[in-house]
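# Inside the fold
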Amino acid sequence: MNKDSAAFKLEPIHWALIAVFTLVWFVSLDVRALITPDEGRYATLSLFMAKTGDWITPRLNGILYFEKPIMQYWMGAMAFNVLGVNEFAARFWPGLTGFATVFLTGWFATRLWNARIGFYAFCVAGSSLFILGNSHFLTLDMGLTFFLTLALGAFLLAQTAESQAWRTRFNWLAWAAISGAMLSKGLVALVIPGMSAIIYMVIKRDWTLLARMNMVSGLLIFALLAGPWFVVVSLRNPGFADFFFIHEHFQRFLTDEARREGPIWYFLPMLIAGMLPWTTWLPGLFKASAAPASKRFDSRLFLIIWSVFTLVFFSVSKSKLPSYILPMFPALAMLVAARIERMSARDWCWNLVLPGALWAVSIPLFLLSTRIAERSKNSYDVVHYALNLVSVGGLLGFIGVLLSARYALKGDRPKAVLTLAMGGFLAITLLLAGHERYGHEKSAVDIAPLFKKDLAADAPVFSVAYYDQTLPYYLGRTVTLVNYSDEFSFGLQHEPEKGMTLDQFKQKWATLNQGGALMLKYTYEQLQKEGVAMKPVYEDSYRVAVIKP
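The paragraphs below set out a description of the structure included in this document. Within each chain, residue numbers correspond to sequence positions counted from 1 in written order. At least 70 in pLDDT is required for a residue's local features to be given in this predicted model, at least 80 for side-chain atom pairs to be given and counted, and no such filter applies to totals for whole chains, interfaces and linings, which use all residues. Here the side-chain values reflect all heavy atoms present in the structure, with hydrogen atoms and water set aside.

## As for the overall build of the chain
Put simply, the rule reads: Each helix is a run of DSSP H or I of at least 4 residues and each strand a run of E of at least 2, with the numbering of both proceeding from the N terminus. Two things to know: the radius of gyration comes from C-alpha atoms, and the globule rule equals 2.2 Å times the number of residues to the power 0.38. Remark: exposure states derive from per-residue accessible area (1.4 Å probe, protein chains only) relative to the maximum for the residue type, with buried under 20%, exposed over 50%, and partly exposed in between. Contact criterion: two residues are considered in contact whenever any of their non-hydrogen atoms come within 4.5 Å of each other. Methods summary: accessible areas were calculated by the Shrake-Rupley approach with a probe of 1.4 Å, and residue burial reflects only the protein chains presented. His is not counted, nor are the chain ends; Lys and Arg add positive charge and Asp and Glu add negative charge. Note that the charge is assigned to NZ on lysines, CZ on arginines, CG on aspartates and CD on glutamates.
Counting its secondary structure elements, the chain contains 27 helices and 8 strands. By the compact-globule yardstick of 24 Å for 549 residues, the chain fits well, its C-alpha radius of gyration being 25 Å. By the burial criterion, 56% of the 549 residues in the chain qualify as buried. Restricting the contact set of the chain to residue pairs at least 6 apart, pairs at least 24 apart contribute 75%. Within the structure as shown, the chain displays about 23100 Å² of accessible surface, and the carbon and sulfur contribution to it stands at 65%. Within the chain, one finds 49 positive and 37 negative side-chain charges whose respective centroids are separated by 9 Å.

## Things to note about unusual backbone geometry
With the exception of glycine, the majority of residues adopt a negative phi angle, and the majority of peptide bonds are in the trans configuration. In this structure, P37 follows T36 across a cis peptide bond, with omega equal to 5 degrees. Looking at the element boundaries, P37 is found in the loop between α2 (12-27) and α3 (38-52). Along the chain, L276 connects to P277 via a cis peptide bond; the corresponding omega equals 5 degrees. With respect to the secondary-structure elements, P277 resides in the loop between α14 (267-274) and α15 (299-316). For D486, which is not glycine, the phi dihedral falls at a positive 45 degrees. Mapped onto the elements of the fold, D486 is located in the loop between β4 (480-482) and α25 (489-494).

## Considering the pattern of salt bridges
The following threshold applies: Definition used for salt bridges: Asp or Glu carboxyl oxygen within 4 Å of a side-chain nitrogen of Lys or Arg.
Counted by the stated rule, this structure contains 15 salt bridges. Two residues, E530 and K506, come together in a salt bridge whose shortest N-O distance is 2.7 Å. Of this pair, E530 sits in the loop between α27 (521-529) and β7 (535-539) while K506 sits in helix α26 (residues 502-511), and the two are 24 residues apart along the sequence. With a relative accessible area of 45%, E530 lands in the partly exposed category.

## Describing the sheet that holds strand β8 (residues 543-547)
Put simply, the rule reads: Strand pairing is assigned whenever DSSP identifies at least 2 bridges connecting the two strands. Note on method: axes are straight lines fitted to C-alpha atoms, helices fitted across the in-contact stretch only, with angles between N-to-C directions ranging 0 to 180 degrees.
As summarised here, the arrangement of the 6 strands in space is β5-β4-β3-β6-β8-β7, forming an open sheet in which the pairing is mixed. The sheet is open, and its two borders are formed by β5 (499-500) and β7, each paired with just one other strand. Here strand β3 (residues 461-464) runs beside β4; their pairing, made up of 3 bridges, is parallel. Each residue of the ladder has a partner; that of V464, found in β4, is V482. Here α27 sits on the sheet and contacts β3, β6 (516-520), β7 and β8; the angle it forms with β6, its principal contact strand, is near 115 degrees.

## With respect to a nonpolar patch on the surface
Note the threshold: Nonpolar side chains (Val, Leu, Ile, Met, Phe, Trp, Tyr) are joined into patches within 5 Å and like charges within 9 Å, using only residues with over 30% relative accessible area and no salt bridge.
Residues M195, I198, V202, W207, L210, M215, V216 and L219 make up a contiguous nonpolar surface patch of about 740 Å² in total accessible area. Within the residue set of the nonpolar patch, elements represented by two or more residues are α11 (188-204) and α12 (215-236). Checked against the element boundaries, M215 lands in helix α12.

## With respect to the environment of Y522
Take Y522: it is sitting in helix α27. In the structure, Y522 is positioned 20 residues away from Y542 in sequence and 8.3 Å away in space, judged by C-alpha atoms.

## Quick look at the nonpolar core
Applied cut-off: Take the buried Ala, Val, Leu, Ile, Met, Phe, Trp, Tyr and Cys residues and link them wherever side-chain atoms come within 4.5 Å; each set so joined is a nonpolar core.
Counting 159 residues, the largest nonpolar core has W278 and W348 as the members making the most contacts within it. Broken down by element, this core gets its largest block of residues, 13 residues, from helix α9 (residues 141-159). Setting aside residues no more than four positions away along its own chain, W348 makes contact with W278, W281, I340, M343, S404, A408, R413, A416, V417 and L420. V464, V482, V532 and M534 belong to the second largest nonpolar core, which has 15 residues in total.

## Points about the side chain of D38
Our working rule: N or O atoms closer than or at 3.5 Å make up a polar contact, with two conditions inside protein: a donor-capable atom paired with an acceptor-capable one, and, for residues adjacent in sequence, both atoms drawn from side chains.
Inspection of the secondary structure puts D38 in helix α3. Note on D38: relative accessible area 18%, which makes it buried. There is a polar contact of 2.6 Å between the side chain of D38 and the side chain of R41. Here D38 is in contact with F137, L138 and T139, once residues within four sequence places are set aside.

## Considerations on empty space enclosed by the protein
The cut-off we apply is this: Cavity: a set of points on a 1 Å grid over the protein atoms alone where a 1.4 Å probe fits but cannot get out. Pocket: an open set with protein on both sides within 12 Å along at least five of seven lines, its lining residues, like those of a cavity, having an atom within 4 Å of a point. Grid points are joined across faces, edges and corners, and a volume is the space filled by probe spheres set on the points. Residues are grouped as follows: Ala, Val, Leu, Ile, Met, Phe, Trp, Tyr, Cys and Pro are nonpolar; Asp, Glu, Lys and Arg are charged; every other residue, Gly included, is polar.
All chains considered together, the criterion is met by 2 cavities of 30 Å³ or more. Around the largest cavity sit L17, I18, F21, F122, C123, G126, S127, L418, A421, M422 and F425, which together line it. Here the second largest cavity is characterised by a volume of approximately 40 Å³. Taken together, S28, V31, R32, H136, T429, L432 and A433 make up the lining of the second largest cavity. Taken together, the residues of the lining of the second largest cavity sort by class into 3 nonpolar, 3 polar and 1 charged.

## So, the pairing of β3
Here β3 shows a buried face lined by V461 and S463 and a second buried face lined by F462 and V464. Of the pairings in the sheet, the one linking β3 to β6 comprises 4 bridges and is parallel in character. Bridge assignment links F462 to a residue of β6, and that residue is A517.

## Notes on the packing of aromatic side chains
Put simply, the rule is: Working definition: a ring pair exists when centres of Phe, Tyr or Trp rings (six-membered ring for Trp) sit within 6.5 Å. Plane angles under 30 degrees give stacked, over 60 give edge-to-face, the rest tilted.
In the structure shown here, the tally under the stated rule is 49 aromatic pairs. Both rings, one in F230 and one in F240, keep their centres 6.3 Å apart while their planes meet at 45 degrees; by these two values the pair is tilted. Residue F230 is located in helix α12, and its partner F240 is located in helix α13 (residues 240-254); the two are separated by 10 residues in the primary sequence. When the ring of Y467 is compared with that of Y484, the centres are 6.0 Å apart and the planes differ by 40 degrees; the resulting orientation is tilted.

## Examining the environment of A533
Summarising the element assignment, A533 is placed in the loop between α27 and β7. Sequence separation between A533 and K506 is 27 residues, and the spatial gap between their C-alpha atoms is 9.6 Å. Ignoring any residue separated from it by four or fewer positions in sequence, one finds A533 in contact with W509, K548 and P549.

Below, the structure written as structure tokens:
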């Protein structure tokens, strides 16, 4: 740790705002209902793992589901067992790993450079829209990003370690983290670190890096930690290995079978928006290093390679979703932090123009909220609520920008960074909270209680030619799929009795004393014309929930 590191001390205002940051981060995990598809899917997988006690074979709505590895389901099931069945527990793992990723980003930057840059990296990571948003949304990508960030930081510290003993320890930590990433998302856990290392060796012509990675013992650690579940689940389910490794990795990457294709520039808007309020700091990252790199290993270059490769790799893939590039954001946060260290106050203030303008534009939305809500296709209450929260968030973000400029001009860069970060953090948190009422139209949170009220606990519930991923979660039991397969195709091939055709549904429905069904309006109208007896208990802009009258 150098003189700058020793000289930098957190003041009471820093600690106070960090405490507020921590409190708001976790409290905001359960301000929104779970929405379909991702949140409902992963919450349901974890919930029924906790209920059945089967910790090996994942089942979605009671049907075999092998699209992703097991880590998220394990963590979610344990959270439900400890914290109860609620949105906080459902999002606890991405929330916890996102929080840990922010601290790891700051700690690794401190170890690589100094405590001041580490503090900046913590602020940048904790207020970036993509890290913050994905930490409060239930997908697999935040857990993956945590383990990959741990692997990245441990690898960098291994290459800059002063002793062989510490190099070995950090390398082993990196390999253990890659094991966690493998159990979180699959082979991408090896691809991003491995290709980044190869590209670095080619650029630097430093093939001795291979000898400094503890490959033999590292691969043994990887096999011992990541291997057992893959072996056991394959033995219990003979079709797992082919489906998981071939279909879910190579076919998804090379073909558009998953119907998630996008143009080559698909992720560029995600990168620009995802780094807010720090987007304008990105163009300068390829300039001379703002912090001295090790003579033996160029950490800054490796961070750049990691970030660029992640972006390019997913850009050329035939299957794209916005959160795929999340693993590049902690590396970008460290690079931005290193650049902040030597920026002039004038340059700092120029970089505040974009976030300041965005927050300023959002402030007057509350004045227009009534007019916009009245003309919106969504309900008045949904739009009015969202716009008012966006306005409050914009005000807090704008105050943060003004304070940041003031502290920068006074020469207090740490407070300039902290106030900009805190304003952005609160603004984005309120933006996410504003989605709550809109999210009810992408969730079964209002539908499941109606079924519970009108139906006996053993009365069947059907999902007809449509599937809301949150319905089994909020209902607390499985539903029967009717004329629907999609991601259930593999499971239904092995367990066809867990689905039925539309004709089979109509025959079954006619014999029931009690039953419920959720379907699209189009399907409801068609069944009405055919004389199927149904009593609507819920209806929104595109769905109808019915019970047997």
